[in-house]
Amino acid sequence: MDNRLPTEFDVVVIGTGLPESILAAACSRSGQRVLHLDSRSYYGGNWASFSFSGLLSWLTEYQQNSDIGEESTAAWQDMIHETEEGITLRKKDETIQHTEVFCYASQDMDGNIEETDDLQKNPSWVASSTLIKPLDSACLSEEMHSFYVSSYEVPAKGTPENNGEVTDIAETLVKEEYCGYKTYKHRVSDGAKDEIKPILKDNSDPPKRNRITYSQIVEEGRRFNIDLVSKLLYSQGLLIDLLIKSNVSRYAEFKNVTRILAFREGKVEQVPCSRADVFNSKELTMVEKRMLMKFLTFCLDYEQHPDEYQAFTQCSFSEYLKTKKLTPSLQHFVLHSIAMMSESSCTTIEGLKATKNFLQCLGKFGNTPFLFPLYGQGEIPQCFCRMCAVFGGIYCLRHKVQCLVVDKESGRCKAIIDHLGQRINAKYFIVEDSYLSEETCSNVQYEQISRAVLITDQSILKTDSDQQISILVVPPVEPGACAVRVTELCSSTMTCMKDTCLVHLTCSSSKTAREDLESVVKKLFTPYAETEIDKEELAKPRLLWALYFNMRDSSGVSRSSYNGLPSNVYVCTGPDCGLGNEHAVKQAETLFKEIFPSEEFCPPPPNPEDVFFDGADKQPEPLGANTIIIAQLESSEGSKNLESSEKHLQN
C-alpha cells in the first residue's frame with residue numbers, strides 16, 4: 001500500500017482529540033481540504049476509550065514510548081530551504097504519568113494465568129496488592145501501516161460485537177493484535193493463540209455474590225469500553241446543541257444518567273433532583289422539602305433578585321447557603337450534588353450559576369441533567385471524525401509529523417514533514433498541545449488531573465435495578481483539598497461486562513493519582529477477598545481491578561505561553577478536569593472563527609432534496625462528474641431535521 005499522501009491541503013490537523021476532531025469536521029463542512037493525522041494507533045488521544053485488553057496495550061505502549069531513543073533528524077533537515085526553518089515536534093507523549101495497576105480479583109489456576117511465588121493468592125488492601133508493570137516483551141502489533149480514508153470509504157458505525165481492541169472510525173481498515181501483556185502476577189496471552197476457556201461454576205453451593213475472576217474479565221474484555229477521561233454531557237449544554245445542529249448525533253447513542261448520589265456521614269444517599277423526587281423523598285422532612293423547593297425556585301431566576309445575593313458576592317457559596325436557613329443536609333446536597341462545587345473554591349455567583357444550569361437541564365431527556373454516550377466518551381471525537389470524512393477529509397493514523405516548516409521572512413508555517421520524509425503544504429495548521437516540543441512549551445505551567453478506573457462487582461448504592469448510571473461527589477476531608485467526582489457505569493452503557501460496574505474517579509492533582517484517590521476508594525469499596533469480613537465491609541462493593549494515573553491538564557494554557565509559535569499555527573488543549581465538555585466546544589468554535597471568520601461553525605447538513613448541481617440540465621459527462629455527484633450525495637445521506645435528531649438523543 002502506498003503511504004504517500006496528497007501534498008496540498010487547506011488545513012492540516014495533528015491529533016484526534018475532541019477539540020481537534022470538532023475543528024476538522026467544521027473545516028471540512030465549510031469546504032476546506034482537510035488532512036487529519038495522528039501518530040497514535042487509535043482515535044481520540046486522551047479522549048479515547050479502550051477495551052480491557054486495549055487498555056493493557058495502551059499501558060504497554062506508554063511504557064515502551066518512554067524508552068524510545070531520539071531518532072535521527074537528518075532526513076527532514078535536508079528538506080529545509082535556506083529561507084526556512086524547522087520547528088520540531090515531540091516524539092514522546094508525556095501527558096500520562098504515574099500509572100499503577102492493581103488486581104484484587106481471584107486468580108484461576110489454569111494454564112493461562114500465572115502466579116509468581118512473591119505474590120499471595122488473595123491480595124489484601126495494602127501489603128499484597130499487585131502493581132502490574134508492562135514489560136518489554138509486550139507489544140502492540142507486528143506491523144503498523146498508515147492509511148487514509150476519503151469521504152466515500154467511511155463504513156457504517158460498528159456494532160458492539162465488532163468494537164475492536166482500540167476504538168476506530170473505520171475498524172475494517174484497522175485490525176490490531178495484542179501480544180502478551182505480562183505482569184508480576186499473571187499473564188494475558190494472545191487471544192488468537194491462547195484462548196481462555198469459560199469458567200465453570202459450582203452451583204452446588206452458590207455464593208452470596210457472583211464470583212468474578214480475573215480470567216473472566218480478560219475473556220469478556222471486549223465488553224469493556226474504558227474512558228481515559230471521565231465526562232458527562234449536560235442535556236442542555238454546548239456539546240448537545242452542536243451534535244443536534246450539525247446532525248452528528250446520528251452517529252451516536254446516549255443514555256440518561258439515572259441518579260445523583262451524595263456521600264454524607266460515611267453513607268451514600270440518593271439526592272432528589274426534580275420536584276417529584278423532592279416530595280417523594282423519605283430522607284427529607286416536609287419542612288426541608290419546602291425549604292429546598294423555595295431555594296431552587298429562587299436559583300432559576302436569581303439574576304432577577306440581585307438584592308438576595310449582592311452582599312455575598314465575595315463570599316464562598318457554602319457561606320451563602322448558611323444564610324438561607326437551609327439545614328446542614330440540604331446545604332450538603334446543594335453544594336456537592338447539585339452545584340457540584342467544593343466549599344473553598346466556589347464563589348456565590350459561581351454556585352448560583354451552576355445550580356441554575358443544573359436545574360435548566362432537568363427533565364429534557366430524563367430525571368437528571370446528564371447524558372452518557374453508549375460505548376464511552378471516545379465515541380464523541382469519532383463522531384466528528386466521521387462527519388469530516390463524509391465531507392472529504394482524509395485520515396491517517398500512525399502517521400508521525402517530524403517538524404513544522406516556517407518561512408523566515410513572513411513567520412508563517414508553510415508545510416509539515418512527516419516520518420516518511422514527505423513534505424505536505426497547507427495554509428493553516430492545528431496542533432494538539434502534546435505534540436509541541438519541550439522548547440516550545442518551556443514557559444508553560446501545566447496542571448494535572450488524578451484519575452482512577454475501577455472494576456467492581458456491584459453498585460455503591462444497591463437498588464432493585466442493577467442498571468443504574470450514577471454520579472457522586474465526595475467532599476474533601478481536609479480544608480483546601482479538592483472534591484473527588486465519582487461516575488459509576490453499568491453494563492447497559494456498553495462499557496463493562498455483565499454483573500460488574502465500571503467506576504471512574506477524577507479530581508485535580510496535588511500528588512500522584514493513587515495518593516489523591518486511594519482514601520476515597522477505601523471509603524466506598526472493599527478489596528476482593530475470599531475470607532470472611534465484617535458486615536459493614538461486606539455491604540460495600542468489592543473491588544476487582546484498579547488503575548491509577550495522572551493526566552496533563554493544559555486547558556488553562558494561553559497561546560502567549562508558547563515560544564515561537566507561527567501565526568497560522570493553532571493549539572488545541574487536552575481534557576480539563578470539569579464534568580462537561582464545554583471547554584473543548586468553546587475552544588473549537590473560537591479557533592474556527594479566528595481561522596474562517598466569515599464561515600458558519602458546523603452548519604446543519606444540506607437536505608438531499610435541496611441539493612442542486614451546476615449544469616444539472618446538461619448532459620452529464622461520462623467520467624469524473626459521476627464520481628463527484630456520488631460523493632456529494634453520500635455526504636448528505638441520512639440527513640434529518642433537528643427535531644428527529646433530538647428524538648434520537650432521547651432514545
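Anything mentioned here points back to the structure above.
Residues numbered from 1 in each chain as written. Predicted model: local features only at pLDDT ≥ 70, side-chain atom pairs only at ≥ 80, totals over all residues. Heavy atoms only, no water.

### What to know about the packing of helix α5 (residues 238-246) against helix α14 (residues 582-595)
At step 1: One way to put it is that α5 packs onto α14 with a least axis distance of 8 Å and a crossing angle of 55°. Judged on the interaxial angle alone, α14 and α5 are oblique. Counting all contacts with α5, which are made through Leu-238, Leu-239 and Leu-242, the residues of α14 involved are Glu-582, Val-585 and Lys-586. (Axes fitted to C-alpha atoms, helices over the stretch in contact; angles between N-to-C directions. Helix = DSSP H or I, 4+ residues; strand = E, 2+ residues; numbered from the N terminus. Parallel < 35°, antiparallel > 145°, perpendicular 65-115°, else oblique. Contact = heavy atoms within 4.5 Å.)

### Some words on the sheet that holds strand β10 (residues 233-234)
At step 1: Read across the sheet, three strands follow the order β10-β14-β11 without closing on themselves; strand pairing throughout is antiparallel. Every other strand in the sheet has two partners, leaving β10 and β11 (254-256) as the edge strands with one partner each.
At step 2: Where β10 lies against strand β14 (residues 370-373), two bridges are found, and the strand directions are antiparallel. Following the sheet pairing, Leu-233 is matched in β14 by Leu-371. (Pairing = 2+ DSSP bridges.)

### Structural notes on the pattern of salt bridges
Opposite charge on two side chains permits pairing when their charged atoms draw close.
At step 1: This structure, assessed with the given rule, holds 20 salt bridges.
At step 2: With its nearest N and O atoms 3.1 Å apart, the salt bridge here joins Glu-94 to Arg-90.
At step 3: Arg-90 sits in the buried class, given a relative accessible area of 14%.
At step 4: Where Arg-223 meets Glu-220, a salt bridge forms, and the shortest distance between an N and an O atom there is 3.6 Å.
At step 5: By relative accessible area, Glu-220 is classed as partly exposed at 29%. (Salt bridge = Lys/Arg side-chain N within 4 Å of Asp/Glu carboxyl O. Buried < 20%, exposed > 50% of the residue type's maximum accessible area, 1.4 Å probe, protein only.)

### Examining the sheet that holds strand β18 (residues 423-425)
At step 1: The strand order β4-β16-β17-β18 describes an open sheet built from four strands, whose pairing is antiparallel. The sheet is open, and its two borders are formed by β4 (84-88) and β18, each paired with just one other strand. On average, each strand axis in the sheet is tilted by 30° relative to the strand beside it, whichever way the strands run.

### Let's talk about the side chain of Asp-433
At step 1: With respect to the helices and strands, Asp-433 occurs in the loop between β19 (428-432) and β20 (447-456).
At step 2: Asp-433 sits in the buried class, given a relative accessible area of 1%.
At step 3: Side-chain polar atoms of Asp-433 contact the side chain of Arg-552, separated by 3.2 Å.
At step 4: Once you skip the residues sitting within four places of it in the chain, Asp-433 turns out to touch Tyr-446, Arg-552, Ser-554, Tyr-562, Val-571, Cys-572 and Thr-573. (Polar contact = N/O pair within 3.5 Å; in protein donor to acceptor, adjacent residues only side chain to side chain.)

### A closer look at α5
At step 1: Within the sequence span of α5, burial applies to Leu-239, Ile-240, Leu-242, Leu-243, Ile-244 and Ser-246.
At step 2: Phi turns positive, to about 65°, at Asn-247, one or two residues after α5.

### Here we look at the nonpolar core
The tendency in soluble globular proteins is for nonpolar side chains to be buried side by side.
At step 1: Of all hydrophobic cores here, the largest spans 101 residues; its most connected members are Phe-52, Phe-295, Phe-317, Phe-370, Leu-505 and Trp-545.
At step 2: When residues in this core are grouped by element, the largest group, eight residues, is from strand β25 (residues 542-553).
At step 3: Core analysis: the next-biggest nonpolar cluster, separate from the first, contains 47 residues, Leu-18, Ile-380, Cys-388 and Phe-601 among them. (Core = buried A, V, L, I, M, F, W, Y, C linked by side-chain atoms within 4.5 Å.)

### Remarks on the packing of helix α9 (residues 328-338) against helix α10 (residues 348-361)
At step 1: At their nearest, the axes of α9 and α10 sit 10 Å apart, and the two run at 75° to each other. Here α9 lies roughly perpendicular to α10, going by the angle between them. Side by side, α9 and α10 meet where Val-334, Ser-337 and Ile-338 of the first sit next to Ala-354, Thr-355 and Phe-358 of the second.
At step 2: Class assignment of the residues belonging to the contact of α9 with α10 gives a composition of four nonpolar, two polar and no charged. (Nonpolar A, V, L, I, M, F, W, Y, C, P; charged D, E, K, R; others polar.)

### Some thoughts on α10
At step 1: With 14 residues, α10 should cover 20 Å at 1.5 Å per step; its first-to-last C-alpha distance of 20 Å lies within 8% of that length.
At step 2: Buried within α10 are the following residues: Thr-348, Gly-351, Leu-352, Ala-354, Thr-355, Lys-356, Phe-358, Leu-359 and Cys-361.
At step 3: Where α10 is buried, its residues contact β10, β12 (259-264), α7 (286-300), α8 (317-323), α9 and β14.
At step 4: Looking at the residues trailing α10, positive phi occurs at Gly-363, about 80°. (Expected span 1.5 Å × (residues − 1).)

### Describing the side chain of Thr-348
At step 1: Topologically, Thr-348 is positioned in helix α10.
At step 2: We classify Thr-348 as buried; its relative accessible area is 0%.

### Quick word on the environment of Ser-491
At step 1: Examined against the element boundaries, Ser-491 turns out to sit in the loop between β22 (484-489) and β23 (501-508).
At step 2: Taking the C-alpha atoms as reference, Ser-491 lies 8.6 Å from Phe-224; in sequence the two are 267 residues apart.
At step 3: Non-local contacts of Ser-491, meaning those with residues more than four positions away in its chain, are made with Gln-467, Cys-496, Met-497, Lys-498 and Thr-500.
At step 4: Side-chain polar atoms of Ser-491 contact the side chain of Gln-467, separated by 3.2 Å.

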